Amino acid sequence: MAPFLLHWLESPLWDAWKYLPEYVQSDSDKNNPPFDRANGMSASEFYASASNAESCLHRNSVARWASSKEIASITEAMKQSSHLNESFLAGKVVVDVGGGYGDFGIALKEFGCKCYCLDLPEVIADATSEAHIKDNVNMPTLVAGNMFDASTIPTPCDVIFTKHVLCDFSDDDVILALQSFRKALANSKEAKVVIMDAVLPNGDDLNGKWNAAVSFDVLLMLSGRRGERSIMEWSNLANKAGFVVEEVLATTSVTVDLAVLSLDS
């Protein structure tokens, strides 16, 4: 609990709350989120500053803890789905786009698939340093690349996973990324994309009820650097890139669900 309290209660985030109502109510100036208004700089600029190293440590501790819980909940949900269980994934080639240091790729090894972890060159350079090689046997193959460039995605490829990546991009960029994924998956007969973000209910489905994922989305809105999408929104973006939403799997983590996309025939 300590990292959560230290992160969410320190003044940069705490002060951002008072700017949230005007940010939500305003139809303009959406590029100036509550955090920026409270601190005179973006969250990325704040946490990148050497003078805020302790704040960055608190934030990263929260992210690491949450990610470890998410991975366990994701793999459990996958085991319950005929689209993602071991029977389906065994022998297939899987790419975790934006996979960082390969933690999720390590977890996927129990499904019997060949795993690649693709991330930006600077991330992979750090991931391949001795400090981060913690499981040589199950470590996925680390690949430097860019999700918008299909030629950098390992092929042949059957399934592309991506966790907490697309939520940081605009709709137009998400479509471009999905189109890139489609190219990388072109030679697979059972191609799928699995988007691992919190999937919000459609507006009409809420009917005034409290929803944990929506509350989580409000927390993210403070920094304005990411936003979760509803089932309908994901369906619309998928269709524009040549995919259909096959199913949405809930997990035991509030912060992540699995939107499973297949090629639109």
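Residues numbered from 1 in each chain as written. Predicted model: local features only at pLDDT ≥ 70, side-chain atom pairs only at ≥ 80, totals over all residues. Heavy atoms only, no water.

Asker: Can you help me understand a nonpolar patch on the surface in this one?
Answerer: Side chains of Leu 5, Leu 9, Trp 14 and Trp 17 sit close together on the surface and give an oily, nonpolar patch of about 430 Å² of accessible area. As for its position among the elements, Leu 9 is in the loop between helix H1 (2–8) and helix H2 (11–14). (Patch = residues over 30% accessible without salt bridge, like charges linked within 9 Å, V, L, I, M, F, W, Y side chains within 5 Å. Areas by Shrake-Rupley, 256 points an atom, 1.4 Å probe, with all protein chains shown as cover. Salt bridge = Lys/Arg side-chain N within 4 Å of Asp/Glu carboxyl O. Helix = DSSP H or I, 4+ residues; strand = E, 2+ residues; numbered from the N terminus.)

Asker: Before we go on, may I ask you to explain the pattern of salt bridges in this structure?
Answerer: Side-chain pairs of opposite charge can arise where the charged atoms are in close proximity. Enumeration over the complete set of coordinates arrives at 7 salt bridges. The partner of Glu 22 in a salt bridge is Arg 37, with the nearest N and O atoms 2.9 Å apart. Taken together, the residues span a long stretch of sequence, with Glu 22 in helix H3 (residues 20–25) and Arg 37 in helix H4 (residues 34–39) at a distance of 15 residues. For Glu 22, a relative accessible area of 41% gives the class partly exposed. With a closest N to O distance of 2.6 Å, Glu 246 and Lys 192 form a salt bridge. Here Glu 246, found in strand E8 (residues 243–249), pairs with Lys 192, found in strand E5 (residues 192–197); they are 54 residues apart in sequence, far enough to count as distant. One salt-bridge network, in which partners are shared between bridges, spans Glu 76, Lys 79 and Glu 110. (Buried < 20%, exposed > 50% of the residue type's maximum accessible area, 1.4 Å probe, protein only.)

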